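Structural overview for review
Residue strings, one per chain:
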Protein chains: 4
Amino acid sequence: MKQPKQIKKPEGKLGILLPGLGAVATTTIAGTLLARKGMGQPIGSLTQMGTIRLGKRTDNRTPKIKDFLPLATLDQIAFGGWDIFPDDAYESAKHAEVLEHRHIDAIREELTQVRPMRGVFYPEYVKRLNGTHVKTGTTKADMVEQVREDIRAFKKDNGCSRAVAVWCGSTEVYIEPSNVHQSIAAFEAGLAENHPAISNSQIYAWACIKEGVPFANGAPNLTVDFPAAWELAKEHEVPLAGKDFKTGQTLMKTVIAPGLKARMLGIAGWFSTNILGNRDGEVLDDPDSFKSKEVSKLGVLEHILQPHVHQELYGKIFHKVRIEYYPPRGDAKEGWDNIDLVGWLGYPMQIKLNFLCRDSILAAPIVLDLALLMDLAQRAGFHGTQEWLSFYWKSPMTAPNLYPEHDLFIQSMKLKNTMRWMMGEDLITHLGNEYYD
Amino acid sequence: MKQPKQIKKPEGKLGILLPGLGAVATTTIAGTLLARKGMGQPIGSLTQMGTIRLGKRTDNRTPKIKDFLPLATLDQIAFGGWDIFPDDAYESAKHAEVLEHRHIDAIREELTQVRPMRGVFYPEYVKRLNGTHVKTGTTKADMVEQVREDIRAFKKDNGCSRAVAVWCGSTEVYIEPSNVHQSIAAFEAGLAENHPAISNSQIYAWACIKEGVPFANGAPNLTVDFPAAWELAKEHEVPLAGKDFKTGQTLMKTVIAPGLKARMLGIAGWFSTNILGNRDGEVLDDPDSFKSKEVSKLGVLEHILQPHVHQELYGKIFHKVRIEYYPPRGDAKEGWDNIDLVGWLGYPMQIKLNFLCRDSILAAPIVLDLALLMDLAQRAGFHGTQEWLSFYWKSPMTAPNLYPEHDLFIQSMKLKNTMRWMMGEDLITHLGNEYYD
Amino acid sequence: MKQPKQIKKPEGKLGILLPGLGAVATTTIAGTLLARKGMGQPIGSLTQMGTIRLGKRTDNRTPKIKDFLPLATLDQIAFGGWDIFPDDAYESAKHAEVLEHRHIDAIREELTQVRPMRGVFYPEYVKRLNGTHVKTGTTKADMVEQVREDIRAFKKDNGCSRAVAVWCGSTEVYIEPSNVHQSIAAFEAGLAENHPAISNSQIYAWACIKEGVPFANGAPNLTVDFPAAWELAKEHEVPLAGKDFKTGQTLMKTVIAPGLKARMLGIAGWFSTNILGNRDGEVLDDPDSFKSKEVSKLGVLEHILQPHVHQELYGKIFHKVRIEYYPPRGDAKEGWDNIDLVGWLGYPMQIKLNFLCRDSILAAPIVLDLALLMDLAQRAGFHGTQEWLSFYWKSPMTAPNLYPEHDLFIQSMKLKNTMRWMMGEDLITHLGNEYYD
Amino acid sequence: MKQPKQIKKPEGKLGILLPGLGAVATTTIAGTLLARKGMGQPIGSLTQMGTIRLGKRTDNRTPKIKDFLPLATLDQIAFGGWDIFPDDAYESAKHAEVLEHRHIDAIREELTQVRPMRGVFYPEYVKRLNGTHVKTGTTKADMVEQVREDIRAFKKDNGCSRAVAVWCGSTEVYIEPSNVHQSIAAFEAGLAENHPAISNSQIYAWACIKEGVPFANGAPNLTVDFPAAWELAKEHEVPLAGKDFKTGQTLMKTVIAPGLKARMLGIAGWFSTNILGNRDGEVLDDPDSFKSKEVSKLGVLEHILQPHVHQELYGKIFHKVRIEYYPPRGDAKEGWDNIDLVGWLGYPMQIKLNFLCRDSILAAPIVLDLALLMDLAQRAGFHGTQEWLSFYWKSPMTAPNLYPEHDLFIQSMKLKNTMRWMMGEDLITHLGNEYYD
């Protein structure tokens, strides 16, 4: 990845295309619209609220990130998306029961205008849902073409100079990468013959890449995490990122585990359970979809704790993650974690963490950030896997043969030092020897 | 602070002197003795268990810190200390009820030989205790001389080439720095006239600095955090560090708050309560001692969250910390935290954290690390405040006019990059652009 | 207490007079108004939602309590009250932020008509508040007369055949019963000479009793719990009840402690902390008011666990209760309890209870029930302390020399068996031998 | 059930026979042995530690239950049992890791003498275990005869005048009652032809009843809860009781649910998860065994809350129970409950309960109590289902067509009033009108 000589300016409109116009997508859209009217704050968004320290601790140079980087502004955004239900963003937001009516009603007109394009829907990948607003076609290759046309039409209708896509749809059933995913040619052949290892999200992604639209994947699905997609992205100079938005319990896990490891405290076991009541919970009640999520969630600790390096501290950790569909919670989500610590001479201690959180409230700022940063990446000339965005993912994509960084603080350092480096500023190391004689 | 051309080798014995031979000190001593016999693991100790990544992620260079830095080994340590009760380390450890009898009895003989020197004890600084094994003398200046003699005698008796001191005594009543603390001359005069702003811990520290013994301060007391002490340390080329071991609830606070801030999640309130039953809890039941601890604990969030920079996220945070004496807990300690989060558009969320921890088990590895790293600092030619050791403190000392870093991950980065820098290795920035074309 | 030959019918209107028209009172009023329009359910109210089993388990006779007892109906109620602020119930309810606007606005007109009469306000009994809508007068005796006139006027204006009062005002500073409380004569003299041990709530109560108005005391204040009040109540044939509504943490304590005791599990310690943010929290931030509350809260365990009988299980219990003012909580309240259990052979176990509750939501149904049951008691010919209503109180009043029952299940059994006995039904013992041969 | 004219005296030795000599059984045996030597207290045992109030509140008659009822004393007990592993009680107790070595070693000799008789073991009923110390025989009828011989031999060898059995073995796979369970004749035929619906525990129970040995069933298995067993018990005048010891999470559920119901607070959802690491956890990791446990655990709320009577409060409750095998917990067990409450006008509140308990520590006193009370029941002339012992069961057996009482406080009242009635004392109703004039 080369330091950009210059980054193209964010001129014209940026289309943000969201496959899956449910709770997360509509919360993102509504919040962005409210924020640009000054009627709400985009809390949780690094690009909008965050600052970045430049230079020495005593320099007092801490601009807002949005003043430091040449990002598209909220006013330049046009939202679009696909869904397998025909509800517009207003109806969908009401149904999601995330935001209060006073928030939704204040921007009713604009929300109503965000009407989903018909979805690609092979039901075998999302078993608990029953779509009605779907594309028809005989091959998956044909579906790709239909999505490409949607993108071109959207850009034209909305006067967009460019677009990015962020997957906000469901978790699909678990799929291992197979031969069909190994090259562009194999994948194109697979599309033509309706290969069963090509799921809905892969079809969207393939279409986006071919249209030069950066693609970020908010679910644990395969989607863009296989060689054929990397090859296509390189060919079309498109940034990719993923996967699975890091919200709720896993977010806290990647905060707490690095803290315990920093102190070299051992861990004998970590039990995590989640109760959640929205459509996501319903989908994850299907064991095949849960498998995708579980794989995504379980990897986190291993990569942070490195049991192969710290055998005596983490070599025998028992890690279990459960997700439970619990309708009384609605869109809210609740995590309960028990951590069995091992201290000095092996003495046990325990941590219990109860997180009463809200899925879409935590995901929305991530969607906005990713859209703006993926667009920036493209304008900076980056393509393929954007590992510097690991900060946002439960299961970050990396170059092959490179282990992912899950530690939120390493991810944050990577993100911010990349920002500094893109803009020609000194990297921060926290050495700070200069303050002492 | 200059990069050391070379660091003196750790030859001969290192005396570790602990004012306060209670639960923390005896747990440290016992654990170190067991570890050097291979009968227990010094879990929680970065110097003994930790590793450090050198070079690129793909280099696979991750030595143990003890193999990377020229530290004294456990075999080279001789333990000593002072206390206001005459119990030897074996008796004191049994009374503390931290370690199981099987652990204490396995090293009974060695523990028995650690007999405390008589303590400096002006009772007005620690109201709930009643010392019996104390020095007599008419002035505080005289007390300083007695402690200096103790140090010289200890080194001679134990054949130590050098020594370090780590304060493991009680929290003293809250004392603001006053005129007497502004210069060596003023302080020496104060010692001579028994100035009331000079407490027990300051007397120990002054003696140590004069003897060239690095001093780390495990309590929130003033001790070495004032201009006269800095001046004396410079004159004698002695490293200082403090203050207040970062264990338990505050440790977790400096893990979680940076995580929430990294994600730009707002915080409306943070309520922390602690229940603890040991001598520490009894001392803190005195409002004046609690004041010292409270000041130490409250500063943490402000420095991490920077409400002046992030007014809209942290400007109105309501932060309350309570410590409750609760005898059924014994040496174990329990923290309960409630955090009121504010997300996207102002929607509220909550985190509850329940930490069933053990004070001395968490503090012991810190005492050991500090002793070894302070000795290293001295051999590397560093003196005065060792900010790179902020990682270990609830309330890190810094150069005047420099804000302290409380974020555990910044502290860890600072610590490890300082280690790399001391040894001439590249600093780590996590940029990692070299892995991508 | 004699079994009533017949209970007077609830003819005409019942005035419910609430000294203190804040969060609890307005939530009660609004909920009752909504319930009688069928726009909300009076959940938590035994008189409205509860049932009572009559006869054998196989008889299937389980009427609603309101169909079993001759209670006033919701349609027969007229609400009134006093406050030291002039806001009507609509304004006050909005300010309290307990109920959503859709609930308050649906009955705006009726709420607006509930305008507080001027309050009796000697500020030394409630230090953190500053009343503006207060009565003037030179003696406390004069205040009593003014309140009596208020009652008579209210009854006349609203066409009430009778009235009851339920104290919904603040916790007052702790007052021990003194000579002035020992007889009617002493108390009347005290009123005339503004005796400092006679607080605001006592003035209201004295006026009510003299007007034949049953009085229930929702705060831990002395109010009606002293010999002079008992004597006056006997003379005027007025029922009294108190004190301190049992909501939140104490409610749970009187549920869990009896359960542990039923199983003969020992308790080594019980630590309770509360965080709350409303006016109640602000008042309790004053140590003198907290004293009243603390005494009320601490007695609970002793009476349930009977350490004098079960020395080996409860003789050394360490019980600590903290209340913390924490504005981010608003009217919501949160309790956290840690219970240290002792089991078979002394092995320890722990319970942690976190109750995210809402003060006024829990108190409102109690206010309604007490009003209706105190009116019933009066019509049944009962007077003086109504111990059968212990169910509703943190600190139940009893006959002198009788220990209070705090166990919620004994209280519930006492309440329901009293109801059965009043109506001539068999008492329930749960023996049930008749179902087996 | 007739009031006994007189209860036979507990003369001679009482054999307590425990099928399943694992953690629960050995903890019971060790604790009983320690208690009778005065080396430990049988905490949690109502028969040993409990008291019973007799007469009026002011009578001060509160004898210990063991002084009130003619129970066998601890000195009169002889322990025996069966297991599918050959370890004696000393080895088994050490392996269980429930009790500390100092407790086990103090009674090593006596424990060593408790050697299990060979177990009945058809492995299809307990899938995760692999027994080695098992009986051989061609039919289940033959197994019954072998167990009968064991009982007779044990009584003779130990000089017992009588015996009782308490099932302390594993949870078996879920079995619905079928034709074979409908009569003595059908069951005897089933035994002869190895009917698959007859499990190990049923074989033990059948043998016990035929030998006149009262049988209490500590697991959720069918065991003695079917018509043929009732018929046989009647014929042999043997008391039966079950099923599934009420410990841990369900114990707390039957404490808290009645408290919420007493106050008519609604419940929208109750989520319960358990983590446990002992053999019990391993067995329950098998879905078929979990089914038995789940059925036992889920019924609790329905019977307490009576959703058919209180449709608006409990009609839509979502109740989910999870049990998770988590080896770091060992024999300790941890429950986490989330309860979604509904209050006044439908406003939501939440309770979180975290119970750090110990399975065998809670179960042991129940085993002892049941043994002594079942023996008492037999001497009092009671036979068949002992519903008055519901207090001890997760899923109490009742007469056909009678709903079970799950409310711990109703159960406790039933237990204690039955004790009073057996001994000719007045029943307690808590009316208490006599204390007021």
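Residues numbered from 1 in each chain as written. Chains lettered and ligands numbered in written order. Predicted model: local features only at pLDDT ≥ 70, side-chain atom pairs only at ≥ 80, totals over all residues. Heavy atoms only, no water.

All names here are of chain A. Split into domains, chain A comes out as domain 1 (13-245 + 360-423) and domain 2 (249-356). Distance between the C-alpha centres of domain 1 and domain 2: 26 Å. Our count for the contact surface shared by domain 1 and domain 2 stands at 0 salt bridges. Viewed at the interface, domain 2 and domain 1 are joined by 2 residue pairs in polar contact (both at pLDDT 80 or more). Secondary-structure elements contributing two or more residues to the side of domain 1 that touches domain 2 are α15 (359-379) and α16 (408-422). Residue composition of the side of domain 1 that touches domain 2, by class: 14 nonpolar, 5 polar and 6 charged. (Domains from an automatic or database assignment. Salt bridge = Lys/Arg side-chain N within 4 Å of Asp/Glu carboxyl O. Polar contact = N/O pair within 3.5 Å; in protein donor to acceptor, adjacent residues only side chain to side chain. Helix = DSSP H or I, 4+ residues; strand = E, 2+ residues; numbered from the N terminus. Nonpolar A, V, L, I, M, F, W, Y, C, P; charged D, E, K, R; others polar.)

Enumeration according to the criterion identifies 48 aromatic pairs over all chains in this entry. Taking 5.0 Å as the distance between ring centres and 80° as the angle between the ring planes, the aromatic pair formed by F391 of chain A and Y392 of chain A counts as edge-to-face. The two residues F391 of chain A and Y392 of chain A agree in class, both being buried. One aromatic cluster is present, built from ring pairs that chain together F271, F318, Y326 and W336 of chain A together with F271, F318, Y326 and W336 of chain D. (Phe/Tyr/Trp six-rings, centres within 6.5 Å; stacked < 30°, edge-to-face > 60°. Buried < 20%, exposed > 50% of the residue type's maximum accessible area, 1.4 Å probe, protein only.)

Residues and elements named next belong to chain D. Spatially, the 7 strands line up as an open sheet ordered β3-β2-β1-β4-β5-β6-β11, and their pairing is parallel. Where the open sheet ends on each side, the last strands, each with one partner, are β3 (117-118) and β11 (384-385). Judged from the 3 bridges that link them, strand β4 (residues 160-167) and strand β5 (residues 215-217) form a sheet pairing that is parallel. In the strand pairing of β5, A165 is matched with F215. Taken strand by strand, helix α9 (residues 200-210) contacts β1 (13-19), β2 (77-83), β4, β5 and β6 (239-242), and its axis lies near 160° from that of β5. Strands in contact with helix α15 (residues 359-379) are β1, β2, β4, β5 and β6; relative to β4, the strand with the most contacts, it is inclined by about 130°. (Pairing = 2+ DSSP bridges. Contact = heavy atoms within 4.5 Å. Axes fitted to C-alpha atoms, helices over the stretch in contact; angles between N-to-C directions.)

This brings us to the relation of the copies chain B and chain A. Here two copies of a chain appear, and what relates them is a rotation about an axis with a shift along it. Once chain B is rotated about the relating axis by 180° and shifted along it by 0.0 Å, it coincides with chain A to within an RMSD of 0.0 Å. Taken together, the rotation and translation describe the operation of a two-fold axis. Every residue of chain B has its C-alpha some distance from the rotation axis, and the shortest such distance is that of L353 of chain B, at 2.4 Å. Both copies present the same face, since 100% of the interface residues in chain B are matched by interface residues at the equivalent positions in chain A. (Least-squares fit on C-alpha atoms with pLDDT ≥ 70 in both.)

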